[in-house]
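# Observations on the three-dimensional arrangement
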Amino acid sequence: MLINAFSKKLLTATALTLAVTTSFSQAKWPAITQQAKPWTRWWWLGSQVTKPDLTTVMQDYQKAGLGGLEITPIYGVQKEESQYLRFLSPQWMDVFGHTLKEGKRLGLGIDLANATGWPFGGPWIGDEDASKYMAYKIFDVKGGEMLNEKVELIQEPLIRTANYKTLKIEDVKDPVSLNKDLQALSLDQVRFPKALPLQILMAYSEDGQNINLTKNVDAAGKLNWTASAGNWKLYAVFMGYHGKQVERAAPGGEGNVIDHFSATALQHYLKPFDEAFKGKDLSSLRGFFNDSYEVDDARGQSNYTPRLFEEFKNRRGYDLSTMLPALLEKSRDDKSSRVLCDYRMTIDELILEKFTGEWSKWAKGKGKIVRNQSHGSPANTLDLYNVVDIPETEGTEILRIKFASSTSHVAGKQLTASESATWLGEHFVSTLGDVKKALDVYFVGGINHIFYHGTVYSPPSEPWPGRLFYAAVHFTQTNPFWNNFSTLNSYVARTQSFLQQGKADNDVLLYFPILDKYSLPERDLLQHFDGMRPEFTGSAFEATAQTMQDKGYAFDYISDRQILKLQAANGGILTGGVSYQTIVLPDSKFMMPATFEKLLTLAKNGATVIAYKNLPSDVPGYGHLDENRAALQKLLAELKFGNSGVNGIRTAELGKGRFLIGDNMLELLAVAKTRREMLVDQGLQFNRRKLAAGTLYFVANNSGKKLENWVPLGVKVNGATLYNPMNAKTGISKIRKNAAGFTEVYLQLEPDESMLIQTSDKLTGTAYPYVNTTGTSEEIKGEWNLTFIEGGATLPPSLKVSVLKPWTDTTEVAYRYFSGTASYSTNFSRPAEKSNQYVLDLGKVYESAEVILNGKKIATLLGPVYAVTIQDKDLKAGNLLEIKVSNSMANRIIDMDKKKIVWRKFNNTNMPARLAPNRGADGLFDASKWEPRTSGLVGPVTITAIK
């Protein structure tokens, strides 16, 4: 809350403020639904859960303001194997059923990860359904000779674990499912030394002949063939067993990862779910979840499937076996790059159709939705998101986040989710204020369905710090910030109650040039698309997106497949219930004729298409190359460009619309008359949506400084209502019109503060409670009682302090290593200056604070600014002020590590450090060298009269 006086600029502008009509309904917050509240990933360590404790912790989650839980079984606690429940066993299904019933009773939604850990896989996935790779050998044979060596390839042994243990391949049985103690083994990737199945053997002559010799190889690997004249190269392709194991698997879920390019493998994988669910009441299960791809974060790529050659021929129109030298070439020419592109396009289609699409159909057959993290896949992320119900992203960069939200906007999906606050910093140090700041990036990026990452089921009887997952932010009841967690959750719920309404109000569609990447030779056969970086670092695509983001142009990405579904009307481009102003091609070289033909059709019907720097000039791939090239060139010939008169920008009129081309992106957007939100010039970021009544803005102040100013909006309306989602304050904004006729609202925002703005011509109600300081600040001085009320390892003795300072500023161990909540209380007199309201500013606080005045809770403050408005009616002549401050888990963890008290007790990955300096001798997180983190109330605490 700001306490600065209004500037002269505001006083002058007040005369321009428009009158507000009084004949319309009062603005109010939308209803808070289960879906509007934040959800959390709910880790079941070892599925070691009991019905009584499930009920207890779920009640805690409900009280904290969570809306739902995504159950993900995960690795277990060491030495407690006898209490594990095997995934999908009758015992597991019994506690799962109890969870569904309790979720319904408590109003908590339930999703289920369709796997333990990630990716899909398990003990029932044998070699035939497991992920595979393309292995090959090249032989030389001279004319008139036979191949003397066997056509065989013995797979090199490989074994990797997730727990830093050294194993030999001889220590592991084949198949992996035969091994005992899989939780302790924590296998990440296993390749056994065995002969790989030959898939195809092709002979290529110097003069361009190719012969399929596969049938000439006998069971012993001998090739019965004599080469004709000339020199021949023989390419033998074998099916390798990739060996990727389910990461962080729960008991009963350990095993091979599936072949994501095979519908048969997926069907076999899902069969145990069908059997376990048979006859069960799943009515209160909302849907299923799939985590990010992450198959190829192992050694080598999973880049093969048994039907690859057949699928390739059906889709690309030629036989890949005749092109093996081109596909496997190390030094690439144009032809080999095109074959490689066709291979990548085929894999793209297989994962879209055979995995993501088939999985979605399976869930719909059970009446359930699917939530999917498509990033990391060797396929077009936008298209994968398009076939699921709720796209989900993760990370901290807006340009990455927008891949998920773009598909929701383009396809008209209501929700876009995010795996949120996973690794904000090192373990145990992130504050609720840090989390709030991170969540605002998601909201700006178009996310409206937050999932924390995450919350571990931990029985109340578990010794502190309880059961933990290895990601750095721990949303658990043992974290001191849990007492104030509900404040953050209320903030999220209020924000999402708006952001889940209406439609996106973005203006630009930015073409995703994945075909340029598919055509680019790289070290590996497959590329993986996780976001903007590193895949498109330095590209025109990245530069265009970043420019629009920085300069206030609201945009979404769009794929070729999505472009084919676009319509044009009244000068706009229509899709998903949204009308976009223009579509931008970011210096793309390759494009299929069908995509470009659609762009021409859109322009003929009134759309504006922008080509940044260059139009596409070629087609991707090798199949039907001449035919496709001719088709594209014919389409390009329809464009007749002339000078627009604006700094080299050229225009081609086409029907009712046009194409623009030039080297300056901002000038192109200006010529296209694309709307720009100038509020970004003041350091604000925004997300804009179109509601049934007016336009909604979510605005976040990421400038690092206070803002108290007129803020222009890209709309022309006569009124706006402000909603502060942190403190629930709302009211009609002061507004004025600028010279161009656009509306400006007056905002007061502290650093990292956010605001919802709803515009309308039809408003009534009270004005927003802006803060105007009327007097000087009075510091609340005197003696403070410092009492430690909750936490540990022990509760330090109470203190009386005359000067506020951190409780960690002492040499006494009990204070320095305390994690929990302490109460600072003092008495103070009513301020000398009379007013109907005051701002109470706590000064510096480490890390969150609950303010209680005369026994009444006033607010919970998460930072970075710790100030709250109090009413004069709540003050007395003599007042009791209590401030409850909660710190992080870190100090108690530091003490435990210094004393070598074991709290890291988990199988698989046992709390890795994020940063190298925090790694112990065993490579795991170790806080023993840390100094205690500053904790407590530092102040100064002041009270200031306001109007």
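Everything that follows concerns the structure shown earlier in this document.
All of these numbers come straight from a predicted model, not from anything done at the bench.

### Focus on the packing of aromatic side chains
One pass over the structure, following the stated rule, counts 62 aromatic pairs. Ring centres of Phe-403 and Phe-512 lie 5.2 Å apart, and the angle between their planes is 75°; this geometry places the pair in the edge-to-face category. Separated by 109 residues along the polypeptide, Phe-403 in helix H10 (residues 398-411) and Phe-512 in the loop between strand S18 (508-511) and helix H13 (514-518) bring together distant segments of the chain. When sorted by exposure, Phe-403 lands in the same class as Phe-512, which is buried.

### Looking at the pairing of strand S43 (residues 856-861)
Bridge analysis of strand S42 (residues 848-853) against S43 gives five bridges, and the strand direction is antiparallel. Residue Glu-850 lies in a different strand from S43, and its bridge partner there is Thr-860. Where S42 folds back onto S43 in an antiparallel hairpin, the turn is made up of two residues, including Asn-854, whose phi is positive at roughly 50°.

### Concerning the environment of Asp-897
As for its placement among the helices and strands, Asp-897 is situated in helix H20 (residues 890-898). Residues Asp-897 and Lys-929, spaced 32 residues apart in sequence, show a C-alpha to C-alpha distance of 8.6 Å. Asp-897 has contacts with Trp-903, Arg-904, Phe-925, Asp-926, Ala-927 and Ser-928, leaving out every residue within four places of it along the chain.

### Some points on the nonpolar core
One finds Trp-42, Phe-96, Leu-234, Tyr-343 and Tyr-452 to be the most contacted residues of the largest nonpolar core, which totals 129 residues. Top contributing element to this core by residue count: helix H8 (residues 334-364), with 11 residues. Discounting residues that sit within four places of it in the chain, Tyr-343 has contacts with Met-134, Asn-303, Leu-308, Phe-312, Leu-327, Leu-525 and Leu-526. Of all hydrophobic cores here, the second largest spans 65 residues; its members include Leu-382, Phe-590, Met-591 and Leu-625.

### Considering the sheet that holds strand S35 (residues 754-759)
Strand order across the open sheet formed by six strands is S17-S28-S29-S35-S31-S32, with antiparallel pairing between neighbours. Only two strands of the sheet have a single partner each, and these edge strands are strand S17 (503-504) and strand S32 (730-732). Inspection of the sheet shows strand S31 (residues 720-723) paired to S32 by three bridges, in the antiparallel sense. Bridge pairing in S32 links Tyr-723 to Thr-730. The strands touched by helix H11 (residues 432-444) are strand S28 (684-690), strand S29 (695-701) and S35; relative to S29, the strand with the most contacts, the crossing angle is about 145°.

### Thoughts on H11
Compared with the 18 Å implied by 1.5 Å per residue over 13 residues, the 18 Å span of H11 between its first and last C-alpha is a close match. Turning to H11, its buried residues are Leu-432, Gly-433, Val-435, Lys-436, Ala-438, Leu-439, Asp-440, Val-441, Tyr-442, Phe-443 and Val-444. Structurally, the start of H11 carries an N-cap: the backbone nitrogen of Gly-433 is 3.3 Å from a side-chain oxygen of Thr-431. Of the residues trailing H11, Gly-446 is marked for its positive phi of about 100°.

Cut-offs and rules
Residues numbered from 1 in each chain as written. Predicted model: local features only at pLDDT ≥ 70, side-chain atom pairs only at ≥ 80, totals over all residues. Heavy atoms only, no water. Phe/Tyr/Trp six-rings, centres within 6.5 Å; stacked < 30°, edge-to-face > 60°. Helix = DSSP H or I, 4+ residues; strand = E, 2+ residues; numbered from the N terminus. Buried < 20%, exposed > 50% of the residue type's maximum accessible area, 1.4 Å probe, protein only. Pairing = 2+ DSSP bridges. Contact = heavy atoms within 4.5 Å. Core = buried A, V, L, I, M, F, W, Y, C linked by side-chain atoms within 4.5 Å. Axes fitted to C-alpha atoms, helices over the stretch in contact; angles between N-to-C directions. Expected span 1.5 Å × (residues − 1). Polar contact = N/O pair within 3.5 Å; in protein donor to acceptor, adjacent residues only side chain to side chain.

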